[in-house]
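Next come the chains, spelled out residue by residue.
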Amino acid sequence: MSLLPRTAEEFSSAEYWERFFRRRGDKAFEWYGDYGQLCGVLHRYMKPRDKVLVVGCGNSELSEQLYDVGYQQLISIDISETAVAHMKQRNAERRPGLTFLQVDATQTPFESGTFQAALDKGTLDAMAAEEEGLLATRMLAEVGRVLAVGGRYVCVSLAQEHVVKMAVEHFVREGWAVRAHCLGNQDCGSASFALPLFVLVCTKFRKPPPAPVLEVCQGEDGPPCRLATVLELLRVVKERQAYALLRQKLRTDTDGSRSPSLTLCHASTGRPRYTLTVQDSPATAKVPRANHFAIFIGKCHTLPRIESYVTFHMLKYRFVEILIKSVCTTKCFLGNHRKRDFFSDRSVPQGRESDWLYGSAEGRSQLARSANFRRLVIVAMHRDQEYQDMQSVQSELSPMVMELAPPGMPAHQQVPFLSVGGELGWREVVSQGKSALSGEYCVEDVRGEDGLLYRRLVFLDNAGVVQSESRLSSTPAASGRKKNKKKKPKPEAPPTQGGANTATTAVDKTFLCCAHHQVMVAGLSLLRMGFGESNGAPVSVLLVGLGGGGLPQFLRDFVPGASVEVVELDPAMLEVAQQWFGFRVDDRLKVVLGDGLEHINTLENQGGHSYDVIMFDVDSKDPTLGMSCPPPAFVETTFLKKVHNLLTARGVFMLNLVCRDSSLRESVLERVREVFSCVLSRGIEGEVNQLLLCTHGEGTNTFASPQALRKAGKSLQEVLHASNAPCKPEIDIATLLGDLKIT
């Protein structure tokens, strides 16, 4: 026979509990944890000399266990006559001083200020099940009446949102202090107990404080973290509950198709410090029996892309950004575990968080296969954080990561920390700012896997994506003097503090870091097919989207006769490009600040304007779209026709398409093919980017000839190297054209 109520409202019904205890008999029922789990926090806030009111005692053993350890002034009440009768009978001889009374908790017979503490284990949750929680509100008011000034209401709860909101708002109105302890999950194999227990400790003040006193603590003795509002406290509780559910999933299942991620932040500052991504091997993988779990510590600049997040406050850190689509967990205790075997936690080198191997699901899956562990936790370090060395990082992570261990891991399994080259890598933020259009951004210098320095522009609302990147040179060669061909200068040791050493580092304009920019340059070969262009002939380029300015600067410096017009919506990006990426405006390289859509509409309406090349490399600011580049309006048919009209007879339209939605991507391709009779495409390895090279179609038969394409590519390569620039560009046109396909 089921003892569970038919509806949630029955939890607050006296008749339901009377039936419950009659059916249960003398067998104790522990509603939310037992004395062993709760004693630490109870002893902290209730002293043996205190007069304690136990609200809704039921037939739990908690009152008896407290009495046995010295709490002699306990009065336990319950609305169920059966429960009270059982408790009286059970304790009549062994605990004669333990009092049990049948009393309605909303209207007790006690004098005001009688008790120093009121203990509630699950009663508030049960009474709050009533519609609108009126019964629970009356109980809280009664508890407040019978408690003395300085007295504490200690409430053990699962902390459902409506329950905590009602209780905390009530006590804030009354001018009480509220502290919430998160005790973790109950030791129960049932998934129904995956949620953690919370203990609310509400302290009665004589006079209300000038501002609400709201605090959270991790564990029974964790230090309090002050919060400003009730909503903030509710958010922390929800985050901790979400984490517990994800942890439960990780403890009971492995799934190689999912890649859960979360971020550890300092509880005091809220700044992200580590992002952990859990990658399981496929069920079919042949993993050595001993290789259960490992930790990969990467260097400081490769953040995985997060799609949704939750925050989790801990003793020293809070966990933020749990990738809910997969399942995630964090907090681990490696403390007593030896160093080799089950949990491999690999750390991502600083400055490489967005690298394909660490920043993409496919890359992390490949990394896990090469490590060959059942579960690999990949750790990425964050910008604006200082890390002493690999050993200190391991020490920080060790107390937390074992909660991410896979199911069935032996108790004393050794856990290896893996890393790339045994070092943390290096990153230095050289500039930070905020754009009215793009939000907060930072410019950072990082050391790549090749040992060279790179400069990156990152928008902090999408910190896992590098917006622009340029290679740095430690000599002035790349900014105007010829390189020493005999000896390649070694990269400087990174500065240890302060800003970038701009006196000795300059942007290397001979190299395009972004692969899609290289393809766009290679696409200029199409201008040379079927039109008999001579070297040095003028080439007019319209580029929408400046970024760090690397692409337009490359075109201006190395394509003879090129005149480049850039349209950029965000004035802040022009300042960043000029100050940090070596971008220089002159008579062959101009920037128009404004909306690319409006600019092209104006040019087409005015007439008399034409370009040999039009490039779209502009991102969308709307993260809800399945297409991050370009914004949808740029690929509407009517607008594409205007682009078509602005091209010369030999003109080429180049589009950087970044679209994860396959149906949306196909729709864009159909619209492009509708307007342009010849469309070539090329994907970027390890990226979502797809480059589209589109022409009017004159001389289309030449595109079918690989020989003609190779010839045009070779001609372009010669032109680039024959330019009057002091340095030769590093680009392989033939290789870039080799993977072009007719779409």
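This text gives an overview of the structure that appears in the document. (Residues numbered from 1 in each chain as written. Predicted model: local features only at pLDDT ≥ 70, side-chain atom pairs only at ≥ 80, totals over all residues. Heavy atoms only, no water.)

**Comments concerning the overall build of the protein chain**
Looking only at helices and strands, the protein chain has 20 helices and 31 strands in total. Of the accessible surface of the protein chain, which amounts to about 32300 Å², a share of 50% is contributed by carbon and sulfur atoms. (Helix = DSSP H or I, 4+ residues; strand = E, 2+ residues; numbered from the N terminus. Areas by Shrake-Rupley, 256 points an atom, 1.4 Å probe, with all protein chains shown as cover.)

**Quick notes on the nonpolar core**
Membership of the largest hydrophobic core comes to 44 residues, with the highest contact counts inside it found for L53, L124, M139, Y153 and L233. If near-sequence neighbours (up to four positions away) are discounted, L233 is found in contact with V164, V168, L214, E215, V216 and L227. L524, V564, L574 and A577 belong to the second largest nonpolar core, which has 43 residues in total. (Core = buried A, V, L, I, M, F, W, Y, C linked by side-chain atoms within 4.5 Å. Buried < 20%, exposed > 50% of the residue type's maximum accessible area, 1.4 Å probe, protein only. Contact = heavy atoms within 4.5 Å.)

**Overview of the environment of Q279**
Position of Q279 relative to the elements: it lies in strand 11 (residues 272-280). Its relative accessible area of 3% is what places Q279 among the buried residues. In the structure, Q279 is positioned 22 residues away from S257 in sequence and 8.5 Å away in space, judged by C-alpha atoms.

**Some thoughts on the side chain of S435**
Topologically, S435 is positioned in strand 18 (residues 427-435). The exposure class of S435 is buried, given its relative accessible area of 4%. In terms of polar contacts, S435 uses its side chain to reach the backbone amide nitrogen of L437, at 3.1 Å. Within the structure, the side chain of S435 is placed 3.1 Å from the backbone nitrogen of S438, a separation counted as a polar contact. When near neighbours in sequence (up to four residues on either side) are disregarded, S435 contacts Y441, D570 and A572. (Polar contact = N/O pair within 3.5 Å; in protein donor to acceptor, adjacent residues only side chain to side chain.)

**A few points about the packing of helix 6 (residues 134-146) against helix 7 (residues 161-173)**
Packing of helix 6 against helix 7 brings their axes to within 11 Å, and their N-to-C directions diverge by 40°. Here helix 6 lies oblique to helix 7, going by the angle between them. The interaxial crossing formed by helix 6 with helix 7 has right-handed handedness. Contact with helix 6, carried on its side by A136, T137, L140 and A141, involves M166, A167, H170 and F171 of helix 7 and no other residues of that element. (Axes fitted to C-alpha atoms, helices over the stretch in contact; angles between N-to-C directions. Parallel < 35°, antiparallel > 145°, perpendicular 65-115°, else oblique. Left-handed = near helix turned anticlockwise from the far one by under 90°.)

**Considerations on the sheet that holds strand 22 (residues 506-507)**
With antiparallel pairing, the 5 strands of this open sheet are ordered in space as 18-19-20-21-22. On the outer flanks of this sheet lie strand 18 and strand 22, each paired with one strand and no other. Note that strand 20 (residues 453-459) and strand 21 (residues 468-473) share 4 bridges and pair antiparallel. Paired with R456 across the two strands is E469, which belongs to strand 21. (Pairing = 2+ DSSP bridges.)

**Some details on the environment of L655**
Following the sequence through the fold, L655 ends up in strand 28 (residues 647-659). Relative accessible area serves as the criterion here: at 0%, L655 is assigned to the buried category. Taking the C-alpha atoms as reference points, L655 and V635, 20 residues apart in sequence, are found 9.3 Å from one another. Look past the residues within four positions of L655 in its chain and what remains in contact with it is M520, F616, P630, V635, V672, Q690, L691 and L692.

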